[in-house]
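# Per-entry structural report
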Amino acid sequence: METVQSRIVLDAKPRGVHLVTREILSQLPEISRFKVGLLHLFLQHTSAGLAINENADPDVRRDTERFFDHLIPDGWPGFRHTLEGPDDMPAHIKSMVFGCALSLPVTDGRLALGTWQGIYLVEGREYGGRRKIVATLQGSVL
């Protein structure tokens, strides 16, 4: 059993739902050594989230973003946490809904995602900045 831990930095993205599978894997060359294992991703932020969903049709990302922006609007009068701007509290709620961690199976040096699955960054802030992820790979190596 081997364990590797590394830090991944995602480029800054505007508010929205962004497919980041390739960006993450480009920073994890070690994954190719693992025959069977688990990749755990932990996002170190409270105003963004991680999710798995459809990776082919960009309408899925747009519809997800529109739905959650409608459900959790900026500037809702009931929010008290507004010192960092009208998008901050909605971003915190979206982070709680989507979560900050994913665990993904690794098989023969690759993520064992389904045909149409990809990793999403759900960015809740208009200008959230670069996002940091702690990636832990654990399993048997080739």
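It should be emphasised that the depicted structure is a prediction, and the values quoted were computed from it without experimental measurement. (Residues numbered from 1 in each chain as written. Predicted model: local features only at pLDDT ≥ 70, side-chain atom pairs only at ≥ 80, totals over all residues. Heavy atoms only, no water.)

## A few points about the environment of Glu 123
Positionally, Glu 123 belongs in strand E7 (residues 117-127). Taking C-alpha positions, Glu 123 is 17 Å from Arg 22, a pair spaced 101 residues apart along the chain. If near-sequence neighbours (up to four positions away) are discounted, Glu 123 is found in contact with Lys 13, Pro 14, Arg 15, Gly 16, His 18, Ser 47, Ala 48, Gly 128, Gly 129 and Arg 131. From its side chain, Glu 123 meets the backbone nitrogen of Arg 125 in a polar contact 2.9 Å long. A distance of 2.7 Å separates polar atoms of two side chains, one belonging to Glu 123 and the other to Arg 131. (Helix = DSSP H or I, 4+ residues; strand = E, 2+ residues; numbered from the N terminus. Contact = heavy atoms within 4.5 Å. Polar contact = N/O pair within 3.5 Å; in protein donor to acceptor, adjacent residues only side chain to side chain.)

## What about the sheet that holds strand E6 (residues 110-111)?
The 5 strands are arranged E1-E8-E3-E5-E6 in an open sheet whose pairing can be described as antiparallel. Among the strands making up the open sheet, the edge pair consists of strand E1 (2-10) and E6. In this sheet, strand E8 (residues 131-141) lies alongside E1 in antiparallel orientation, the contact comprising 9 bridges. Each bridged residue has a counterpart across the sheet, and for Leu 10 the counterpart in E8 is Arg 131. (Pairing = 2+ DSSP bridges.)

## Some thoughts on the side chain of Thr 64
Counting through the fold element by element, Thr 64 comes out in helix H2 (residues 58-71). Look at Thr 64 and you get buried, because its relative accessible area is 18%. (Buried < 20%, exposed > 50% of the residue type's maximum accessible area, 1.4 Å probe, protein only.)

## Let's talk about the pairing of E8
As paired elements, strand E3 (residues 34-43) and E8 share 9 bridges and run antiparallel to each other. Bridge pairing links Leu 39 to Leu 137 in E8.

## Side note on the packing of aromatic side chains
In this structure the tally under the stated criterion is 3 aromatic pairs. Look at Phe 67 and Phe 68: their rings are 5.2 Å apart centre to centre, the planes differ by 90°, and that puts the pair in the edge-to-face class. Judged by centre distance (5.0 Å) and plane angle (70°), the rings of Trp 76 and Phe 79 are edge-to-face. Overall, Trp 76 belongs to the partly exposed group, its relative accessible area being 45%. For Phe 79, a relative accessible area of 16% gives the class buried. Three or more aromatic residues link up through ring pairs in this structure, and these residues are Phe 67, Phe 68 and Phe 98. (Phe/Tyr/Trp six-rings, centres within 6.5 Å; stacked < 30°, edge-to-face > 60°.)

## What about empty space enclosed by the protein?
Taken as a whole, this structure holds 1 cavity of 30 Å³ or more when the rule is applied. Volume-wise, the largest cavity comes out at about 60 Å³. The wall of the largest cavity is formed by Arg 15, Gly 16, Val 17, Thr 64, Glu 65, Phe 68, Asp 69, Lys 94, Phe 98, Val 122 and Glu 123. Breaking the lining of the largest cavity down by element, the ones donating at least two residues are strand E2 (14-19), H2, helix H3 (88-98) and E7. When residues in the lining of the largest cavity are grouped by element, the largest group, 4 residues, is from H2. In terms of residue class, the lining of the largest cavity is made up of 4 nonpolar, 2 polar and 5 charged. (1 Å grid on protein atoms, 1.4 Å probe; cavity = no way out; pocket = protein on both sides within 12 Å on 5 of 7 lines; lining within 4 Å. Points joined across faces, edges and corners; volume = space filled by probe spheres on them. Nonpolar A, V, L, I, M, F, W, Y, C, P; charged D, E, K, R; others polar.)

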